[in-house]
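Take a look at the letters that make up each chain.
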Amino acid sequence: MSHLLRRSYREDGKVRHQTLGNISALPPEAIEVLRAALAGKTLVVAGEGFEIVRSLPHGHVAAVWAQAKQVGLAELLGPACRERDLAMALVVARVCRPASKLATTRWWQTTTLAGDLGVAEATTDDVYAAMDWLAERQAGIEGRLARRHLVDGDLVLYDLSSSWVEGSHCALAARGYSRDGKAGRAQIEYGLMTDAAGRPIAVEVFAGNTADPTAFVSAVDTVRDRFGLSSVVMVGDRGMITSARIDAIRALGGLGWITSLRAPAIRALAEGGALQLSLFDETDLAEISDHPDYPGERLVACRNPALATQRSRKRDELLAATETLLAPIAASVAAGRLSGADKIGIRVGKVINRHKMAKHFTLEIGDTGFGYTRNDAAIAAEAALDGIYIVRTSVAADRLDAAAVVDAYKGLKVVEADFRSLKAIDLDLRPIRHWTDQRVRAHVFICMLASYLVWHLRRAWAPICFTDEQPPPRSDPVVPARRSAKATTKASRKRASDDQPAHSFATLLDELATLTRNQLRAGGTNIEIIATPTTLQHRAFELIGATIPHTLT
């Protein structure tokens, strides 16, 4: 093949061509260099005049951003503006690296997130202003999520949790029942509403001493008034949907509910003969209809043998632990070191119910003696009901049969999974460091929006994580759920189906963070290129249904 060096020019109105030389004898590399130079490109000697100016982690924020784009999160938040960019950055950062707001403004500058969203120079005041903007739009955003994921007739799951507060300036902070094991610490409470699959829809923050039923009343108002849904089925635990709340729901009309009975109510049914253990001789599920104490309701009684064994073992352990606490007191009385019924009673009172076992002991306290024995009759009566629970509902049998009612109630486990993700595993909602009510609510709402993204990401990434991709359907809703054989194999081998290492959600984000965007300088020219992605990184974006974006726009 001949390579000629030619020029074109115009003469007397005509285009003419002139051959300046034949360069066919030159090495191919030299010909390419000459071709590039004639095209106006700047050439440098290999290894000289070339530097990497900066490399920023890109893959993790790009993946979360791509998922946010897939679900239309930016459009959910509102019109394009600086506050929306900051809010989006806060949500993405909460998924990738949960931290305080100050730490977040430092962290996102070490990734491509800050530069691409134009928030690199944002101060904490800018962040707080964006949180205030988001808080004002929360009701509208949740309404759009409800229209997207809920319709009349659906199950709506609701539960309440709490997180402790740092400092002493938050008006919402109060001492109440701690679900974090932080008794005595001021806290806030928040109710999370999801669809039947566990997809977060709405969250509401309450003072730390709010009772569960009070929060549930607010949830009902949200569903009816804000979301415009009049015939959904509310699912909540037995502390949430009390008899008083049930009467209030009946008065409203339209809404259904599913909850369960407390232990005293179950015992009353057993003592009254409505609940007979012979019901479970051939099945672990039986329905009780038209009970006079529960008019217009259905009661579905269940017995879980595995749960019965667990409760029996736990009770034996707690009884033994209580006896361990009582034994030193009895020894002190016997040795004469402790005397007087009042003093002995005070010592015993401090420990007898530490493990909630006082009801199972008979005590004999005198001025010079102390004895204790197990109340075998009380223990046997409680043991007879081990593993038995009763689901209570207003939903008619032609809409949900007995098995479906139990399955719907057990669906609360997905809300509990969301709480674990919010509070500890993924998003670190706690502790609460903000002072004003609005900032606290905005912080919790940002975490909920991040949870919405995590919900979608976990399902998309199930094939490369330890998540069970296809949990087997349960023919019996009472027995414990089981993992699929594929998931069991994945957990045992620690490898996915493609024989690549299986990841947790956190380690997959760490792996994606190694995909960098690099700023290079060569011959005075700056260029940006993304590092060559690994097979796993490519796969992670494919599962989201997105290509690897060069910039987050």
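All values derive from a computational prediction rather than experimental measurement. (Residues numbered from 1 in each chain as written. Predicted model: local features only at pLDDT ≥ 70, side-chain atom pairs only at ≥ 80, totals over all residues. Heavy atoms only, no water.)

A. Broad picture of the sheet that holds strand β14 (residues 516-522). The 3 strands are arranged β3-β14-β15 in an open sheet whose pairing can be described as antiparallel. Bordering the open sheet on either side are β3 (50-57) and β15 (525-530), each of which pairs with just one other strand. Strand-to-strand twist across the sheet, computed as the mean angle between neighbouring axes with direction ignored, equals 20°. Of the strand pairs in this sheet, β14 and β15 are connected by 6 bridges, and their pairing is antiparallel. (Pairing = 2+ DSSP bridges. Helix = DSSP H or I, 4+ residues; strand = E, 2+ residues; numbered from the N terminus. Axes fitted to C-alpha atoms, helices over the stretch in contact; angles between N-to-C directions.)

B. Main features of the nonpolar core. Grouped together as the largest cluster of nonpolar side chains are 123 residues, with contacts concentrated most on L73, W108, L113, I258 and W461. At 14 residues, helix α17 (residues 437-460) tops the list of elements feeding residues into this core. Apart from the residues lying within four places of it in its own chain, the contact partners of W108 are L86, A89, L90, A93, L113, A114, V119, A122 and V127. V333, L338, I352 and M357 belong to the second largest nonpolar core, which has 14 residues in total. (Core = buried A, V, L, I, M, F, W, Y, C linked by side-chain atoms within 4.5 Å. Buried < 20%, exposed > 50% of the residue type's maximum accessible area, 1.4 Å probe, protein only. Contact = heavy atoms within 4.5 Å.)

C. Spotlight on α17. Its 24 residues place the ends of α17 35 Å apart at the C-alpha level, agreeing with the 34 Å of an ideal helix rising 1.5 Å per residue. Most of α17 is tucked away, with 18 of its 24 residues classed as buried. (Expected span 1.5 Å × (residues − 1).)

D. Quick peek at the sheet that holds strand β9 (residues 285-289). Reading across from one edge, β6-β5-β4-β7-β8-β13-β10-β9 is the order of the 8 strands in this open sheet, with mixed pairing throughout. Edge strands, defined here as strands with exactly one partner in the open sheet, are β6 (200-207) and β9. Strand after strand, the sheet turns through a mean of 20° between neighbouring axes, direction not considered. Here strand β4 (residues 155-164) runs beside strand β7 (residues 233-235); their pairing, made up of 3 bridges, is parallel. Within β7, the position partnered with L157 by the bridge is V235.

E. Region of the structure containing the environment of D426. If you trace the backbone, D426 turns up in the loop between α16 (412-425) and α17. With relative accessibility at 8%, the residue D426 sits in the buried group. Counting along the chain gives 21 residues from D426 to C447, while the straight-line C-alpha distance between them is 9.8 Å. With sequence-adjacent residues up to four places away left out, D426 is seen in contact with R94, V95, P98, R420, S421, V454, R458 and F505.

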